[in-house]
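Architecture and fold: a report
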Amino acid sequence: MSDVWPIPFVQLYAAAVLLVVFLSYFYLTYHYGKWTKLGVPQAVPTPPFGCFGDVVAGRAPLVDVIHSLYREFDGQRYFGIFEGRQPLLVVRDPQLVHTVMVKDFRSFVDRNASKESFVHDKLFDHLVNLRGDQWKAIRAKLSPTFSAAKLKSMLGDINVCTARLIDNLNGQITNNNGIVDVSEAAAQFTTDTIGRCAFGLDCNTLSNPDSEFRRTGREIFMPRLRSTLLNLTRLLGFGRLLDVFRIRGMPSNIYDFFDDLLETTMEQHRHGENSRNDFIALLVKLKEEEKLKENEQKLFTDDILAANAFVFFVAGFETTASTISYCLYELAMNPEIQVKLREKIKQTLDANNGKLEYDTLKDMKYLDMVINETFRLHPPVPVLSRVCTQKYTIEDSNITLNVGEKLIIPTYALHHDSKYYSDPEIFDPERFTEENISSRPHGTFLPFGDGPRICIGLRFAMMEAKTGLAEILSKFEVSPCKETQTPVKTKPRSILLTPNEPIRLSLKSIDQ
Ligand code: HEM
């Protein structure tokens, strides 16, 4: 018997291995013909990661991969790619971008965020991820957070943080021979600002860079092996397994931080220890209102509250911080624009007795142009996503998208397309005069997205960035130094466009 068994066993074993290899290949490549079948031009995918092998391997940031595919399909209105085994339609034509995001929004309400691997993740159900009617109801309730009246009342808090930012920069200048890590200073500033304005907390990370707020912020955006492995699992279509084993997206201390933050701040409001009219006050009010409507389904569960506190913190600081640091970098590299901007800021401040008030900020039109040009070159969210929520036929085509099919809008690539911006790599704020803005088609400038899902924090972010930049530029001259990385490289494996290394610049006090 022993002479007979080994051969069929080896054959059986080899056949089983072959079958597994075949089935895996079949599973991974099952959708790879999808776009070609529909007559949509498509990029060549390679299993197992589709078009994103370089992103997974850390060889190229996502934004570079999408940008190079965008160029490859020059002249097309859209093209197909694959994220792992999943087909995605990249919309290239600005008119179609506008249609998807604004005109026919009802057919594209949701983003590409799948709940299946996050059913037990209590920080998942926030505005960025929520879908359909639940998103609509919660968005409507949270929109008053940044009403014009509230923004006006927040400026005082922002000014406190700006004064600390200036102290921090002066300290760095003295200690480091004029060389300043503007990325870290900006992140501390925006952490303090969102802490004060939304949560009513004095985090003061500008004086204490090791504060829990700043540490948590750093940890959330830190690329980790754990998150890479989790993303890979999702990319290969096994996301549901993560939830079965209750594997959560982030380390447990981050969940605890937001639980504690919310509990403490909401208690303070309930007991009248905090009378501020901030985001937390709004959450307390919404929760109390719901308690009165006993028979209605509750929108604001504890998890929804925690998740939205999380997203207001996370979406609020890194994006605005990178805007401020990229803007200072561009001004350092373009001294004539810096001089002009400083002069304009000074004129506006002089006309207002040197005070930086809500209306003074509105008058700083050239600062808006400079920030918009920074957004064009360095959009913090370089790629947007939508999911088809209602069967949809693309105009002037015979392509019909089914419910659940995924689209992406390549913001960075559109911002760098010479068809809409001549010499796209040149920093030129004149592109944002009213006349030049109106000469460009919709869908070619999307730093905050567009349509009903546009960024909820847009006006707050602009007010914060403008205040910080106006103060910095009225007090310091910025210039490149030998520690400045030029051009700034993008962090790989990050969905946001952030510098790979801190931006370091030389700062000189204007009074010197
Ligand atoms: C320079 C700063 C910022 C930039 C560039 C930015 C950009 C964006 C973009 C591109 C989107 C997606 C829009 C779309 O899909 O059409 C978005 C959504 C969002 N942003 Fe911002 N953002 C910034 C600051 C903020 C701030 C300060 C907050 C809150 C405090 C915030 C909260 C959100 C939320 C909650 C969403 C999801 C909105 C929804 O789906 O209803 N963002 N942001």
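Every value quoted in this text rests on a predicted model; they were computed, and no experiment measured them.

Turning our attention to the overall build of the protein. Looking only at helices and strands, one finds 20 helices and nine strands in the protein. In terms of C-alpha radius of gyration, the protein reaches 25 Å, essentially the compact-globule figure of 24 Å for 512 residues. Each principal axis of the C-alpha distribution contributes one length, and for the protein these read about 95 × 60 × 50 Å. Each of the 512 residues in the protein was classed as buried or not, and the buried ones make up 53%. Restricting to contacts in the protein with at least 6 residues of sequence separation, those with at least 24 account for 72%.

So, on to the packing of aromatic side chains. Geometrically, a pair of aromatic rings is defined through the distance of the ring centres and the angle of the planes. Under the counting rule described, the total for this entry stands at 19 aromatic pairs. A ring pair is formed by phenylalanine 146 and phenylalanine 312, whose centres lie 5.8 Å apart and whose planes are at 15 degrees; its orientation type is stacked. Here phenylalanine 312 lies in helix α14 (residues 302–333) and phenylalanine 146 lies in the loop between α6 (132–142) and α7 (148–175), a separation of 166 residues in the sequence. When its relative accessible area of 6% is taken as the criterion, phenylalanine 146 is described as buried. Look at phenylalanine 375 and phenylalanine 448: their rings are 5.1 Å apart centre to centre, the planes differ by 75 degrees, and that puts the pair in the edge-to-face class. Taken together, the residues phenylalanine 375 in helix α17 (residues 365–377) and phenylalanine 448 in the loop between α19 (434–439) and α20 (458–475) connect sequence positions 73 residues apart. The exposure class assigned to phenylalanine 448 is buried, which follows from its relative accessible area of 17%. Cluster of aromatic residues (ring-pair linked, three or more members): Phe213, Phe257, Phe258, Phe310, Phe313 and Phe317. Directly above the ring of tryptophan 35 sits lysine 34, whose terminal nitrogen or CZ lies 5.2 Å from the centroid. The ring of tyrosine 70 carries the charged tip of arginine 92 above its face, separated from the ring centre by 3.8 Å.

Our next topic: the nonpolar core. Counting 127 residues, the largest nonpolar core has Leu142, Phe258, Phe279, Phe313, Leu328 and Leu507 as its most contacted members. Looking at this core element by element, the count peaks at 18 residues for α14. Sequence-distant contacts of leucine 328, that is, excluding residues within four places in its chain, are made with Val182, Leu469, Ile472, Leu473, Val478 and Leu505. Counting residues in each nonpolar core, the second largest holds 16 residues, with Cys51, Phe79, Leu88 and Val90 among its members.

Turning our attention to the site of the ligand. Within the structure, the ligand sits among 29 residues, and Arg111, Trp135, Arg139, Arg386 and Cys455 are positioned closest to it. Contacts to the ligand include arginine 111, whose side-chain N or O atom sits 2.9 Å from an oxygen atom. At 3.3 Å, a backbone N or O of aspartate 450 approaches an oxygen atom of the ligand. For the shell around the ligand, the elements supplying multiple residues, two or more each, are α6, α14, β4 (384–387) and α20. In terms of residue class, the shell around the ligand is built from 18 nonpolar, six polar and five charged.

Turning our eyes to something else, we now look at helix α8 (residues 182–199). Helix length check: α8 (18 residues) gives 25 Å between terminal C-alpha atoms against 26 Å at 1.5 Å per residue, within 8%. The buried count for α8 comes to 17 of 18 residues, which makes it a mostly enclosed element. Near the N-terminus of α8, the side chain that reaches the backbone nitrogen of serine 183, with its oxygen 3.1 Å away, is that of aspartate 181. One or two residues past the end of α8 sits glycine 200, with phi positive at roughly 65 degrees.

According to UniProt, the "binding site: heme" (unreviewed entry) feature falls on Cys455. Tracing the backbone shows cysteine 455 in the loop between α19 and α20. On the accessibility criterion, cysteine 455 (33% relative accessible area) is partly exposed. Excluding anything up to four places from it in sequence, cysteine 455 contacts Arg139 and Phe448.

What follows is about a positive patch on the surface. Residues Lys152, Lys362, Lys365 and Arg459 make up a contiguous surface patch of positive charge. Its location among the elements puts lysine 365 in helix α17.

Strand order in the open sheet made by the four strands is β1-β2-β7-β4, with mixed pairing throughout. Pairing within the sheet leaves two strands with one partner each, and these edge strands are β1 (78–83) and β4. Shown here is a sheet whose adjacent strand axes are inclined to one another by a mean of 30 degrees, direction ignored. Here β1 pairs with strand β2 (residues 86–91) via six bridges, running antiparallel. Paired with phenylalanine 82 across the strands is proline 87, a residue of β2.

Following the criterion strictly, the structure yields 24 salt bridges and no others. One salt bridge in this structure joins glutamate 289 and lysine 285, with 3.8 Å as the shortest N-O distance. Within this pair, glutamate 289 and its partner lysine 285 are both found in helix α13 (residues 279–292), separated by four residues, close to a single helical turn. Between lysine 340 and glutamate 430 there is a salt bridge, with its nearest N and O atoms 3.2 Å apart. Taken together, the positions of lysine 340 in helix α15 (residues 335–350) and glutamate 430 in the loop between α18 (411–415) and α19 put the pair 90 residues apart, joining distant regions of the chain. Lysine 340 sits in the partly exposed class, given a relative accessible area of 34%. Via salt bridges that share partners, Asp157, Arg164, Arg196 and Asp202 belong to a single interconnected network.

Each value, and the rule that gives it
Residues numbered from 1 in each chain as written. Predicted model: local features only at pLDDT ≥ 70, side-chain atom pairs only at ≥ 80, totals over all residues. Heavy atoms only, no water. Helix = DSSP H or I, 4+ residues; strand = E, 2+ residues; numbered from the N terminus. Rg over C-alpha atoms; globule rule 2.2 N^0.38 Å. Buried < 20%, exposed > 50% of the residue type's maximum accessible area, 1.4 Å probe, protein only. Contact = heavy atoms within 4.5 Å. Phe/Tyr/Trp six-rings, centres within 6.5 Å; stacked < 30°, edge-to-face > 60°. Lys NZ or Arg CZ within 6 Å of the ring centre and 35° of its normal. Core = buried A, V, L, I, M, F, W, Y, C linked by side-chain atoms within 4.5 Å. Near = heavy atom within 4 Å. Polar contact = N/O pair within 3.5 Å; in protein donor to acceptor, adjacent residues only side chain to side chain. Nonpolar A, V, L, I, M, F, W, Y, C, P; charged D, E, K, R; others polar. Expected span 1.5 Å × (residues − 1). UniProt positions renumbered as here; feature names shortened; annotations may be inferred. Patch = residues over 30% accessible without salt bridge, like charges linked within 9 Å, V, L, I, M, F, W, Y side chains within 5 Å. Areas by Shrake-Rupley, 256 points an atom, 1.4 Å probe, with all protein chains shown as cover. Salt bridge = Lys/Arg side-chain N within 4 Å of Asp/Glu carboxyl O. Lys, Arg positive; Asp, Glu negative; His and termini not counted. Charge placed at Lys NZ, Arg CZ, Asp CG, Glu CD. Pairing = 2+ DSSP bridges. Axes fitted to C-alpha atoms, helices over the stretch in contact; angles between N-to-C directions.

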